[in-house]
Structures are given as structure tokens and as C-alpha cells.
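Topology and contacts: notes
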There are 2 protein chains.
Amino acid sequence: MLSPVLLLVTVLTVHSVNGACLHDDAPLSRRANPAVPIANFSYTGATGPFGWAGLSPANGACSTSKMQSPINLDNAISMSKSTLTVTIPDVSHAELENLGSTLEVVANGTTHFAGKAYTLAQFHFHTPSEHRIANEYFPLEGHFVHQASDGQRLVLGVLFELTTDGTTTALLTALSHHISAVATPGKSTQTSALHFRQIAAHVQAGPLYQYTGSLTTPPCTAGVIWLVAQKPLPVNVKTFLGFKKIMKFNARYTQNTLGQQNLIQLAASQLTHAQ
Amino acid sequence: MLSPVLLLVTVLTVHSVNGACLHDDAPLSRRANPAVPIANFSYTGATGPFGWAGLSPANGACSTSKMQSPINLDNAISMSKSTLTVTIPDVSHAELENLGSTLEVVANGTTHFAGKAYTLAQFHFHTPSEHRIANEYFPLEGHFVHQASDGQRLVLGVLFELTTDGTTTALLTALSHHISAVATPGKSTQTSALHFRQIAAHVQAGPLYQYTGSLTTPPCTAGVIWLVAQKPLPVNVKTFLGFKKIMKFNARYTQNTLGQQNLIQLAASQLTHAQ
């Protein structure tokens, strides 16, 4: 048996390897340790997406997998026809964290998709969007990260578009009241009440692009089920700028067509020809 | 001597190699041929930035040069201390073109920088911004592309930030009235009057980041002087969405620290270690 102290260390180690992607054990560790672990990867230069595979031997899929996310969602990507129910209970408060790589909220909920139950672990944001639709990007994207009891991962992706009339999404407004408390990496805070009905209804209403890709952050693990809502939800300028001011830029470049050579291998092969 | 017909063909070929970057001969060719040449490169997949070097032997610098643009503008980049005067005469109309890779306006003007005269050839836009400031991106960036008589290239970069009160930049508003006419690649149209005083005054007022980088599109030629205004100009949501709807996504990823290994070579070397 591990002592409680050793168990905590083990949980933190797993969390560090998983980065911003999925850490179902994290809520426990976070309560015991208010300091949030900061991601060791970035979005520019040698620790950016070109260098992710060099940061750890565990990150090899980032440079070699042929099923990587995000992607450009075009006509080649089919729309989901499977049954989906998204249940995210409203909460009186939640833990909001700045992981350096993203702003993340520890969450609970269950998504039933194609007859299987997936447990929500957290949701987080990217700016600009990671996925594009017919080549067009969006200013903000939310990822609701789930895992089934057999380990299968599923992410619900929600795009946000700017509005000219100030309309915005209630969940973003609720979070925006607290983000100044997590302006620097490693900070965490407690939010006020969060309501998820708007998000859940939007995803359930569809249509949803469906494909099997990967985590968009190291270790870029493949085999993740992606369901991305085709229609964006609204975000107003003030809310968007609040998120951008803290996240700055945290979108991985779009990957190659699913099943085609990883773009880093493609670029490397052209380098060899050139020399 | 070349016949006029042969000369036209020659000019068009040069234009095609230069893509959206610099084509000082283009106004002549465009008048003779209303169809605008469409760029052969893109911003996703195998023809995106990872594949640019593979599109033509002329594009080798995209994958191997250590002085590539865009970059993250941080404290390591110094501010310009040289004298600068930007003169862009107002025009009653101008040619607005959709090159597939960008929306571009053929322009005239002269920038004097550090005692040398540079002739403005065109300006064009990127969304999201290509440069970042202290890691943060902006929704739109304009590039005013110049060349001196000795061939030296200089680009004035202007970032645009979204406003909550609807404030915007007059030049963007003037162009936004015409962009629906160039919604598809290869289209061109004549604008109404364009005024440049606001842009020129903003760049002249500074402060300006100064560094020597490259064209941000193939052939990624190095040795380009960049002057990027530290403060953004305003853009409102309506105008921004109009540009984004057409350009969709046309920003190259930020490059490695100046003088450091090209990020594609870095990624390739880590791939070798991993295999």
C-alpha cells in the first residue's frame, strides 16, 4: 500500500505527463495542493508544437501519428448519426485553473454516445480555435474532455464566434468574472455558480462533425473520439478579449488529412530531398 | 527585345513565383489581364506551411532559413531608433484582389527609413495576426510591402485589435464595402477612395519593433526588414468578420528565435532521434 504522501506524488506525476489534456485524478490532487502544475510545453519556438516530440519520449505521436487533431473540418468529415445525451449538472462553484497552456475548469458530468457512457473530467479553452470549418477559424474553442471506464477518450468541441450585438454565452460570462484571479500560470480560483444547459443543449442539437483524432496537446495520444458542433455559440468582444489576454495564443496548427503522413514527417522528407 | 506579349508572360511568371509577397510589376500585368493569379500554397495540410518547401525548389528557405518571419515580438526584439517617414498618397480608387492566399491592394507610396527610400508595391492582410506581441496574437494584421531600388525589401506591419465600442480603422471600412466582390480566389475589383493618413501616422508615431526576417509566404526569402507597430489599430466585429469570412485563416505559424535552427529542421532532428 502507498502512503497518502506517496499517492499524492504519483497522482501529480501522471497529471504532469498528461498536461492540459485529461486528468481525471486531478481534482483530488488539486484539493490537497492548491498550486496548479504548469505545462512544460508552449505554442511558439522550440517548446511549441514543432518541439513537442523533443520534450519527452512520451510525445512521439505528436510527430509521427497519422490521426492527429485538430483538423480542418470539410466535406470529407461525416456528421455524427449516433445518439447523444450530454448531462453536466449545474454547480454552485468550480475550480478554475491557469495551466500555462490553457484556462481549465474541473468538471463533472456524463455523456452517453453510441450506447457508451463517458465521464467528463474537465473543460478548457483555446484561442484562436484549433479546428477550422471549411478552412475558417473561430476566435475561441471549448473542449469538454471525457473518458469511458475502458479508457476510451471523447471530446466535445464547441466553437465560439464574435457577435456584433454583444450577445454572448452565459458560461463564458460566468467564467470571465473570475479570470483576472488566474491571470498568471499556476494560479487557481473558485468560480461562482456555473450553468451548463445552454452548452449541453447546443451540442445535443447538433449537427456534429465526428472523427477519430488525438489529444491536441502533448502527448498527442491518438484514438480520441471528437464531436465538434458545426454551429458556433456566441461570444462578445469584452469576454473574448478577457480570455485572449490570459491565454495569449494556444492553438496547435491543423494537422494533415486523417490517415495521411504526419506533417512533421512530410516536412522532414522534403528537407531531405532539398539537401 | 521581347515583344509585348512575351513580356506579359514573363511578368506573370515572376508574379506567380512571388505569390502574395511582392509583385511590383503586377499592376501592369493586372491591367492587361483582369484575372488575378491564385497562389499555389495554402494554410493547411500538405500545401500548408509544412509543405511549402515541397511545392517548389525555390521555396527552400521556408524550411531551412534561420531568419524567418513571423515571430513572437518579445523583449529580445529591439525598438527602431531610425528616422521614418511614410508617404502613401490618397487615391480615388485602387485594385483589390483575392489571391487565394490573401486580400491584397495594389498601392503606391514611399517610405524613407534610415536614409533609404523604399517604394510601396502593395498591402495585404492576414487573419489571425502572424506576429504576436509577448505571445499574444491579434485578430488581423496588415503588411505594407516595399522594395528599394537596390532590391532591399521592407514591410510595415500593423496589428488590429477588436473594440467593444465599434471603433474601427477607416481604411478597413473603405475596403470592407468591396470585399464581397472578391469573395472567391482570382477575383479583383476597383475600390472607392482610400485614405492612408491614419495608417501612416500610426506607423510613424511608433514605437516600432525592428528586426530582419523574411517574407511570410513562399518563397520565404530572408533579408526582409520588418517594422511592426507595437500598438494595434482598432477594428470592429462587423469589419473583422467580413475579412475573416473571405480569408478564412491565412497566418503562418511563428518561427523560431532569430538565428536559431529553422523549426522544421528542429522537428526533423527530433524525429530522427525518436526512430
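Described below are features of the structure shown in this document. (Residues numbered from 1 in each chain as written. Chains lettered and ligands numbered in written order. Predicted model: local features only at pLDDT ≥ 70, side-chain atom pairs only at ≥ 80, totals over all residues.)

**What about unusual backbone geometry?**
Negative phi is the rule for most residues except glycine; trans is the rule for most peptide bonds. Residue and element names in this part refer to chain A. Test applied: Going along the chain from the N terminus, every DSSP run of H or I of four or more residues is numbered as a helix, and every run of E of two or more is numbered as a strand.
With an omega dihedral of -5°, the bond running from Gly206 to Pro207 counts as a cis peptide bond. Tracing the backbone shows Pro207 in the loop between helix H6 (197–205) and strand S11 (208–214). The phi dihedral of Ala114 falls on the positive side, at around 50°, and the residue is not glycine. One can find Ala114 in the loop between strand S5 (110–113) and strand S6 (116–126).

**Topic: the relation of the copies chain B and chain A**
One copy of the chain maps onto the second through a rotation around an axis plus a translation along that axis. Our working rule: We superpose the copies by least squares over the C-alpha atoms of residues that have a pLDDT of at least 70 in both of them. The contact criterion used is a C-beta to C-beta distance within 7 Å, with each C-beta placed from the backbone.
By a simple turn and slide, chain B fits onto chain A: the slide is 0.0 Å along the axis, the RMSD is 0.0 Å, and the turn is 180°. Both copies of the chain, as the preceding transformation shows, are related through a two-fold rotation axis. When C-alpha positions in chain B are compared against the rotation axis, the closest is assigned to Ala268 of chain B, at 2.5 Å. A shared interface surface links the copies, since 100% of the contact residues of chain B are contact residues in chain A too.

**Remarks on helix H7 (residues 237–247) of chain A**
What counts is decided by this rule: Partly exposed residues are those falling between the two cut-offs: more than 12 but fewer than 20 other C-beta atoms within 10 Å of their own, whereas 20 or more means buried and 12 or fewer means exposed, with C-beta atoms placed from the backbone.
Here H7 of chain A has its buried residues at Val237, Thr239, Phe240, Phe243, Lys244, Ile246 and Met247 of chain A. Lys248 of chain A sits one or two positions beyond H7 of chain A and adopts a positive phi of about 65°.

**Quick notes on the interface of chain B and chain A**
Going by this rule: Nonpolar residues are Ala, Val, Leu, Ile, Met, Phe, Trp, Tyr, Cys and Pro. Charged residues are Asp, Glu, Lys and Arg, and all others, Gly as well, are polar.
With 38 residues of chain B at the interface, the matching set in chain A holds 38 residues. The greatest single-element share of the side of chain B that touches chain A, amounting to 9 residues, is contributed by helix H8 (residues 263–274) of chain B. Among the residues forming the side of chain B that touches chain A, the class breakdown is 18 nonpolar, 15 polar and 5 charged.

**A word on the pairing of strand S12 (residues 222–229) of chain A**
Residues and elements named next belong to chain A. We apply this condition: Strand pairing is assigned whenever DSSP identifies at least 2 bridges connecting the two strands.
Across the 8 residues that make up S12, a large majority, 6, are buried. Bridge analysis of strand S9 (residues 153–162) against S12 gives 4 bridges, and the strand direction is parallel. Residue pairing across strands places Val155 opposite Trp226, the latter belonging to S12. Pairing analysis gives 7 bridges linking S11 to S12, with the strands arranged antiparallel.

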